[in-house]
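# Secondary and tertiary structure notes
Below are the chains, spelled out letter by letter.
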Amino acid sequence: EVDKVSEIDISCWLKVLPDQEKTTKANNWNKTVLWETIAVSLAGSIGTLAYNVFNFGWATIIPDRYLGYCLNGISDFVGANVLSLCAKKFGRRYTIASGFLGATVFGLAALSDCPISGEWTINGIASLVCKSLINLACSGTYLWMAEIPPSTHLGFVYNLAGGCGVLTGFFAPPLFANMELSHPKSPLITMACLFVVGVFTVLCLPETKGLPRAQTIDDVVTRRRGQPFFPRFGSRTTPGRVAPVIANAVYCDGDTLVPDNKTVSKSRERV
């Protein structure tokens, strides 16, 4: 008599195992992973674009260019540390979205050239605060690039999203410099519009704080379920039920979760 190793029938395990490898190969991509890849690439590109545009503009923003670049480094340091604290407390999604939203507000405030003291204007002060918030959002998005994709797609997604950000950041400074020659305020207005796009893009991505790393596409679908502002595309489990995140898990009889290959291998030996 076969020992009982689980409440699930061993015949069910043996039935689904031959098809598991075919299913994994057939589902290398689905629209959930594709959408998350596009969204995180867009958010990273917006953050890198604005980060590099400001990096090349302090000579005209701050009265003393050397002081400007020193303050720029301080603002980056502040943004990175605020990200570290807030991401742990409030989560990645709302922290990064707040960074983009704050950058929108201070980016529009930087349109004003009203003097504050001496050669200092609202433009200079608001630009420093805006740059700190941009660094918060940009650094947070690059952190997210390593957490959002499943392990099976991590290398490809991270390189694609990071590559989009690098290319955008490379071409943005000369493009925005030419825009400023024709319309001096157009770079700030354009970036403010892009920041708004960044806010909504980030809110459509899943929160990863405190969650185990997604190993497969099924784990990505499970992780997303129940999170606000995020579209639901369909999954293998019934609505309202969240399956545990298990690497290499397969389904049997519609809604039963079968353990991974190692467990089944041990069960075969016992048989």
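Parameters and conventions
- Residues numbered from 1 in each chain as written.
- Predicted model: local features only at pLDDT ≥ 70, side-chain atom pairs only at ≥ 80, totals over all residues.
- Heavy atoms only, no water.
- Helix = DSSP H or I, 4+ residues; strand = E, 2+ residues; numbered from the N terminus.
- Buried < 20%, exposed > 50% of the residue type's maximum accessible area, 1.4 Å probe, protein only.
- Contact = heavy atoms within 4.5 Å.
- Areas by Shrake-Rupley, 256 points an atom, 1.4 Å probe, with all protein chains shown as cover.
- Salt bridge = Lys/Arg side-chain N within 4 Å of Asp/Glu carboxyl O.
- Phe/Tyr/Trp six-rings, centres within 6.5 Å; stacked < 30°, edge-to-face > 60°.
- Axes fitted to C-alpha atoms, helices over the stretch in contact; angles between N-to-C directions.
- Parallel < 35°, antiparallel > 145°, perpendicular 65-115°, else oblique.
- Left-handed = near helix turned anticlockwise from the far one by under 90°.
- Patch = residues over 30% accessible without salt bridge, like charges linked within 9 Å, V, L, I, M, F, W, Y side chains within 5 Å.
- 1 Å grid on protein atoms, 1.4 Å probe; cavity = no way out; pocket = protein on both sides within 12 Å on 5 of 7 lines; lining within 4 Å.
- Points joined across faces, edges and corners; volume = space filled by probe spheres on them.
- Core = buried A, V, L, I, M, F, W, Y, C linked by side-chain atoms within 4.5 Å.

## Side note on the overall build of the chain
Counting secondary structure elements, the chain contains 10 helices and 4 strands. What you see in the chain, going N to C, is helices and strands ordered as α-α-α-α-α-β-β-α-α-α-α-β-β-α. Evaluated residue by residue, the chain yields a buried proportion of 43% over its 271 residues. Summarising the internal contacts of the chain: among those between residues at least 6 apart in sequence, 72% fall at separations of at least 24. Here the chain displays about 14,500 Å² of accessible surface, and carbon together with sulfur accounts for 64% of that area.

## A few points about the pattern of salt bridges
Counting across every chain of the model gives 4 salt bridges. The salt bridge involving Arg223 is made with Glu36; its shortest N-O contact spans 3.2 Å. Here Arg223 is found in helix H9 (residues 217-224), whereas its partner Glu36 is found in helix H2 (residues 31-55), with 187 residues between them in sequence. Since its relative accessible area comes to 9%, Arg223 is described here as buried. Arg92 is the salt-bridge partner of Glu147, the closest N and O atoms lying 2.9 Å from each other.

## Let's talk about the packing of aromatic side chains
With the rule as written, the count across this model stands at 2 aromatic pairs. Each ring, one from Phe100 and one from Phe195, has its centre 6.2 Å from the other, and the planes form 35°; the classification is tilted. Remark: Phe195 occurs in helix H8 (residues 186-203) and Phe100 occurs in helix H5 (residues 92-109); sequence separation between them is 95 residues. On the basis of relative accessibility, which here comes to 2%, the residue Phe195 falls in the buried class. With centroids separated by 5.1 Å and ring planes inclined at 85°, the aromatic side chains of Phe170 and Phe171 adopt a geometry described as edge-to-face. In this structure, Phe170 and Phe171 share a single accessibility class: exposed.

## Some words on the packing of helix H4 (residues 65-90) against helix H6 (residues 122-145)
How two helices sit against one another is set out by the angle between their axes and by the gap between those axes. Where H4 meets H6, the axes come as close as 8 Å, and the angle between the chain directions of the two elements is 45°. Judged by the angle between their axes, H4 and H6 are oblique. Every pair of crossing elements has a handedness; the one defined by H4 and H6 is right-handed. Here Leu71, Asn72, Ser75, Asp76, Val78, Gly79, Ala80, Val82 and Leu83 of H4 lie close against H6, whose contacting residues are Leu128, Lys131, Ser132, Asn135, Leu136, Ser139 and Gly140.

## Structural notes on the environment of Gly169
Along the chain, the position of Gly169 falls in helix H7 (residues 154-182). A relative accessible area of 2% places Gly169 in the buried class. The sequence separation of Gly169 and Gly44 amounts to 125 residues, and the corresponding C-alpha distance is 9.8 Å.

## Overview of the side chain of Ser45
For Ser45, the location among the structural elements is in helix H2. When neighbours within four sequence positions are excluded, Ser45 is seen to be in contact with Cys164, Gly165 and Thr168.

## Some details on a nonpolar patch on the surface
Residues Val105, Phe106, Ile116, Ile122, Ile125 and Val129 make up a contiguous nonpolar surface patch of about 450 Å² in total accessible area. Those elements giving two or more residues to the nonpolar patch turn out to be H5 and H6. The topology assignment puts Ile125 in helix H6. On the basis of relative accessible area, Ile125 is assigned to the partly exposed category, the value being 38%.

## Considering empty space enclosed by the protein
Summed over the entire model, instances satisfying the criterion amount to 2 cavities of 30 Å³ or more. Taken as a whole, the second largest cavity holds about 30 Å³ of empty space. Contributing to the lining of the second largest cavity are Val33, Glu36, Thr37, Val40, Ile148, Pro149, Pro150 and Val157. The element that contributes the greatest number of residues to the lining of the second largest cavity is H2, accounting for 4 residues.

## Some remarks on H9
The element H9 is extensively covered by neighbouring structure, given that 7 of its 8 residues are classed as buried. Every buried residue of H9 is accounted for by Ile217, Asp219, Val220, Val221, Thr222, Arg223 and Arg224.

## Some thoughts on the nonpolar core
Counting residues in hydrophobic clusters, the biggest one holds 35 residues, and the most contacted among them are Phe54, Phe100, Ile134, Met191, Phe195 and Val202. Elements represented by at least two residues in this core include exactly H2, helix H3 (58-61), H5, H6, H7 and H8. If near-sequence neighbours (up to four positions away) are discounted, Phe100 is found in contact with Ala43, Ile46, Gly47, Ala137, Thr141, Phe195, Gly198, Val199 and Val202.

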